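Each chain is listed here by its residues.
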Amino acid sequence: MKNSLVPQKTLIITEIAIMAAVICILGPLSIPIGLIPVSLTPFTVFLAVYILGQKLGTISCFIYLLIGLIGVPVFSGFEGGPGKLFGPTGGFLIAFLAMAWIAGAFYDKTNKIWLQILGSILALLVCYLLGTAWLAWQANIQILKAIQVAVIPFVIFDIAKVFVAVFLGKAVKYALNKANLLKTT
């Protein structure tokens, strides 16, 4: 939006809000396959960070978490509130901040798709590590059991989300830039 009447800060805040809304809308969509459902949240977090960049994309993720914390049902399965955020699977939600920051560093520093995908997978591994440790602690189960329940069933789905997010993010960001609709670049 190239409009001198609207301050750039306002446009950037709007972009952050739009991506937080995208996460809130798509994040609750999930397929239950056990204790932790397959959700679109990691995909939308990667997409937000790809489009907005490391800092602003992470802020949009943080806003999503705050919205869920106050009880709006934006977490997987249309749940919200402190019980969900700080419950057994809440570590994965909180770890989305680290995931966004790490993936964003790769997206911002290189245009090479293979490095962006590698960075996203690294970010996903950090999310798994933090979320699994939290689950093991909260549910009082052994770490291997937590990995079995919370990581193994999701690896293929999450890697597919990485690929789609990087390729779609690149296309959407290009289109938004071409149309002069993105102020964060």
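Look above for the structure.
Please read all numbers here as calculations on a predicted model, not as lab measurements.

Quick look at the overall build of the protein chain now. In terms of helices and strands, the protein chain carries eight helices and two strands. The secondary structure elements of the protein chain, listed N-terminal to C-terminal, are α-β-β-α-α-α-α-α-α-α. The C-alpha radius of gyration of the protein chain comes to 16 Å, within 12% of the 16 Å expected for a compact globule of 185 residues. For the C-alpha atoms alone, the extent of the protein chain along its principal axes is close to 55 × 35 × 25 Å. For the protein chain, buried positions account for 44% of its 185 residues. In the protein chain, the share of contacts with a sequence separation of at least 24, taken over all contacts with a separation of at least 6, comes to 66%.

In this section: the nonpolar core. Core analysis: the largest hydrophobic core is formed by 46 residues, its most contacted members being Val45, Phe46, Tyr64 and Met99. Looking at this core, the elements with two or more residues in it are helix H1 (8-26), helix H2 (41-52), helix H3 (54-69), helix H5 (90-109), helix H6 (113-139), helix H7 (143-150) and helix H8 (155-178). Of all the elements, H2 adds the most residues to this core, at nine residues. Non-local contacts of Val45, meaning those with residues more than four positions away in its chain, are made with Ile23, Cys61, Phe96, Met99 and Ala100.

Time to look at the packing of aromatic side chains. Within the structure shown, the criterion is met by three aromatic pairs. Relative to Tyr107, the ring of Tyr50 has its centre 4.7 Å away and its plane inclined at 50°; by these criteria the two rings are tilted. Placement of Tyr50 in helix H2 and of Tyr107 in helix H5 is noted, with a sequence separation of 57 residues between them. For the pair Tyr50 and Tyr107, one class covers both residues: buried.

So, about the environment of Met19. Assignment of secondary structure puts Met19 in helix H1. If we ignore the near neighbours within four places in the chain, the residues touching Met19 are Leu47, Ala48, Ile51, Leu52 and Ser60.

What follows covers the pattern of salt bridges. Scanning the entire structure with this criterion turns up one salt bridge. Between Lys161 and Asp158 there is a salt bridge, and its shortest N-O distance comes to 2.9 Å. Here Asp158 and Lys161 lie together in helix H8, a separation of three residues that amounts to about one turn. Each of the two residues, Lys161 as well as Asp158, counts as buried.

Here we come to a nonpolar patch on the surface. A contiguous nonpolar patch, built from Ile143, Leu144, Ile147 and Ile152 and spanning about 380 Å² of accessible area, is present on the exposed surface. Relative to the helices and strands, Ile147 is located in helix H7. You can call Ile147 partly exposed: its relative accessible area is 31%.

Helix length check: H1 (19 residues) gives 27 Å between terminal C-alpha atoms against 27 Å at 1.5 Å per residue, within 8%. Turning to H1, its buried residues number three or more, namely Leu11, Ile12, Glu15, Ile16, Met19, Ala20, Ile23 and Cys24. The inward-facing, buried residues of H1 abut H2 and H3.

The rules behind these values
Residues numbered from 1 in each chain as written. Predicted model: local features only at pLDDT ≥ 70, side-chain atom pairs only at ≥ 80, totals over all residues. Heavy atoms only, no water. Helix = DSSP H or I, 4+ residues; strand = E, 2+ residues; numbered from the N terminus. Rg over C-alpha atoms; globule rule 2.2 N^0.38 Å. Buried < 20%, exposed > 50% of the residue type's maximum accessible area, 1.4 Å probe, protein only. Contact = heavy atoms within 4.5 Å. Core = buried A, V, L, I, M, F, W, Y, C linked by side-chain atoms within 4.5 Å. Phe/Tyr/Trp six-rings, centres within 6.5 Å; stacked < 30°, edge-to-face > 60°. Salt bridge = Lys/Arg side-chain N within 4 Å of Asp/Glu carboxyl O. Patch = residues over 30% accessible without salt bridge, like charges linked within 9 Å, V, L, I, M, F, W, Y side chains within 5 Å. Areas by Shrake-Rupley, 256 points an atom, 1.4 Å probe, with all protein chains shown as cover. Expected span 1.5 Å × (residues − 1).

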